Amino acid sequence: MASETLTISRSQASVRRVQPAIWGALVLWWALVALMVAVPDKPVGFAAPRFVDQTHELFAALAGLLSVLAIIAGLFPRLQALSPLKRSGPWLMVLAVLIGVWEIVTAKLALLPAPFFAPPRALIEAYATDWPRLLDSVLNSLRLLALGFLYGSLVGFVTGVAIGWSRGLGYWVHPILRFLGPVPSTALLPLSLYFFPSSFSAAVFLIALATWFPVTVLTWSGVASVDSRYYDVARTLGANAWFLVLRVAVPAALPHLFVGLFMGLGASFSVLVAAEMMGVKSGLGWYLQWAQGWAAYANMYAALIVMALLFSSLISLLFLIRDRTLAWQRSAVQW
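Residues numbered from 1 in each chain as written. Predicted model: local features only at pLDDT ≥ 70, side-chain atom pairs only at ≥ 80, totals over all residues. Heavy atoms only, no water.

Draft legend 1. Geometry of the overall build of the chain. Within the chain, the secondary structure is distributed over 12 helices and zero strands. Element order for the chain, N to C, with α for helix and β for strand: α-α-α-α-α-α-α-α-α-α-α-α. The buried share of the chain, reckoned over its 335 residues, is 40%. In the chain, 74% of the contacts between residues at least 6 apart in sequence involve partners at least 24 apart. Carbon together with sulfur atoms contributes 71% to the accessible area of the chain, which is approximately 19,400 Å² in total. (Helix = DSSP H or I, 4+ residues; strand = E, 2+ residues; numbered from the N terminus. Buried < 20%, exposed > 50% of the residue type's maximum accessible area, 1.4 Å probe, protein only. Contact = heavy atoms within 4.5 Å. Areas by Shrake-Rupley, 256 points an atom, 1.4 Å probe, with all protein chains shown as cover.)

Okay, here's the thing in structure tokens:
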């Protein structure tokens, strides 16, 4: 009874600490809307700014949604669906302040030179007017990334298991791994453009190569570090070599494998953007270069935001797969 009372009191104290952050974020977001609507913009150039009203409506809608969620969180403090809102209250406050400062130094006072530093409405304009090209770039980047990461992960997994299991094979593969692995994949771009029939296939090869090295090394480390007693028990029960590899070595090496996949996915992002900027004629990297060439800096910032959200979502998806596969390590690493 005493422990239950202590738990309830702690939860109530946590709610009291969280609620001021939510209401503070609510006040700041409505203050941001008031700043955008009430304070006039400073004229810059000869053309009238576009999508001003749409930007105000969007931020008003976001503030209204936050108000509804804050009211629900106040009425139902134990509602689990609103727990992310309670944790992100301070970040919502900081985000409102940052957007407000951004709006003041660009649209309201024009302290930063245009078009290098565009106001928030310029991002809305970029998304509203150029979404077909941006969406096509996202789809092409996902296609290129999926092929390269898939090929690199599969080859890296097979290579890592093979050299971790067979010392003879490791004797021949290990020097090649030490020689080619540390070389940045982007340094091989000129050679890959020469040897591969198209820039797309060359980019797939470079992404696969960037993924292959960490997956191979970590899988190899996982297989080589498996306790030999596991193999002895399996052999006692009549297991053959294939069973030892597939049912003993590989499952025991899964934590190392996922670390290699995380490292390979992060490396593939850099190679993806570099390959699209230099060779591929579509994708987010190409879009960034195109926007910079035409001095469309608002489009460039819009693409950077999309890129950050996309790559973060892919890593979150990989973490979700890891948590489902390695349930006993779910709380070991958080994303």
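Draft legend 2. Spotlight on the pattern of salt bridges. One pass over the full model with this rule turns up eight salt bridges. Between Asp130 and Arg133 there is a salt bridge whose closest N-O contact spans 2.4 Å. Of this pair, Asp130 and Arg133 are both found in helix H5 (residues 120-165), three residues apart, which corresponds to roughly one turn of the helix. You can call Asp130 buried: its relative accessible area is 9%. A salt bridge links Arg229 to Asp227; its shortest N-O distance comes to 2.6 Å. Each of Asp41, Glu103, Lys108 and Arg121 takes part in salt bridges that share partners, so that together they form one network. (Salt bridge = Lys/Arg side-chain N within 4 Å of Asp/Glu carboxyl O.)

Draft legend 3. Inspection of the confidence of the model for the chain at higher detail. Here the chain averages 85 in pLDDT, while 90% of its residues score no lower than 70. Taken element by element, the chain is modelled with least confidence in helix H1 (residues 2-38), mean pLDDT 70, and with most confidence in H5, mean pLDDT 93. Within the model, the stretch residues 4-18 combines pLDDT values under 50 with three contacts to residues more than four positions away or in other chains. (pLDDT = per-residue confidence, 0-100.)

Draft legend 4. Fine view of the nonpolar core. Among the nonpolar cores identified, the biggest contains 40 residues, and Leu144, Leu261 and Phe311 are the most heavily contacted of them. Only H5, helix H8 (199-224), helix H10 (241-278), helix H11 (284-293) and helix H12 (297-325) provide two or more residues apiece to this core. Counting residues per element, this core draws most heavily on H10, at 11 residues. In this view, Phe311 contacts Phe269, Leu272 and Val273; residues no more than four positions away in its chain are not counted. Core analysis: the next-biggest nonpolar cluster, separate from the first, contains 17 residues, Trp29, Val33, Leu66 and Ala70 among them. (Core = buried A, V, L, I, M, F, W, Y, C linked by side-chain atoms within 4.5 Å.)

Draft legend 5. The packing of aromatic side chains, seen in detail. Taken as a whole and judged by the stated rule, the model has 10 aromatic pairs. Ring centres of Trp165 and Tyr231 lie 5.5 Å apart, and the angle between their planes is 80°; on these two criteria the pair is classed as edge-to-face. With Trp165 in helix H5 and Tyr231 in helix H9 (residues 228-236), this pair connects stretches of sequence that are 66 residues apart. In this structure Trp165 comes out as partly exposed when scored by relative accessible area, which is 34%. (Phe/Tyr/Trp six-rings, centres within 6.5 Å; stacked < 30°, edge-to-face > 60°.)

Draft legend 6. Spatial organisation of the side chain of Ser185. Mapped onto the elements of the fold, Ser185 is located in the loop between helix H6 (167-180) and helix H7 (189-195). With a relative accessible area of 7%, Ser185 lands in the buried category. Setting aside residues up to four positions removed in sequence, Ser185 forms contacts with Leu206, Leu209, Ala210 and Val271.

Draft legend 7. Inspection of the packing of H11 against H12 at higher detail. Running from N to C, H11 and H12 cross one another at 160°; their axes reach a closest spacing of 8 Å. Judged by the angle between their axes, H11 and H12 are roughly antiparallel. In the crossing of H11 with H12, the sense of the turn from one axis to the other is left-handed. Taking contact as the criterion, the partners of Leu284, Tyr287, Leu288, Trp290, Ala291 and Gln292 in H11 are, on H12, Asn299, Met300, Ala303, Leu304, Met307 and Leu310. Classifying every residue of the contact of H11 with H12 by side-chain character gives 10 nonpolar, two polar and no charged. (Axes fitted to C-alpha atoms, helices over the stretch in contact; angles between N-to-C directions. Parallel < 35°, antiparallel > 145°, perpendicular 65-115°, else oblique. Left-handed = near helix turned anticlockwise from the far one by under 90°. Nonpolar A, V, L, I, M, F, W, Y, C, P; charged D, E, K, R; others polar.)

Draft legend 8. Molecular detail of H8. For H8, spanning 26 residues, the distance from its first C-alpha to its last is 37 Å, which sits close to the expected 38 Å at 1.5 Å a residue. At Trp212, H8 shows its largest bend, some 25°, and a proline, Pro214, comes one to four positions later. (Expected span 1.5 Å × (residues − 1). Bend = angle between axes of the 7 residues up to and from the residue.)

Draft legend 9. Main features of the packing of H5 against H8. Viewed as axis vectors pointing N to C, H5 and H8 meet at an angle of 35°, and their least axial separation amounts to 6 Å. As H5 packs across H8, the resulting crossing turns out to be right-handed. When the residues that make up the contact of H5 with H8 are grouped by side-chain class, the tally is 20 nonpolar, 10 polar and one charged.

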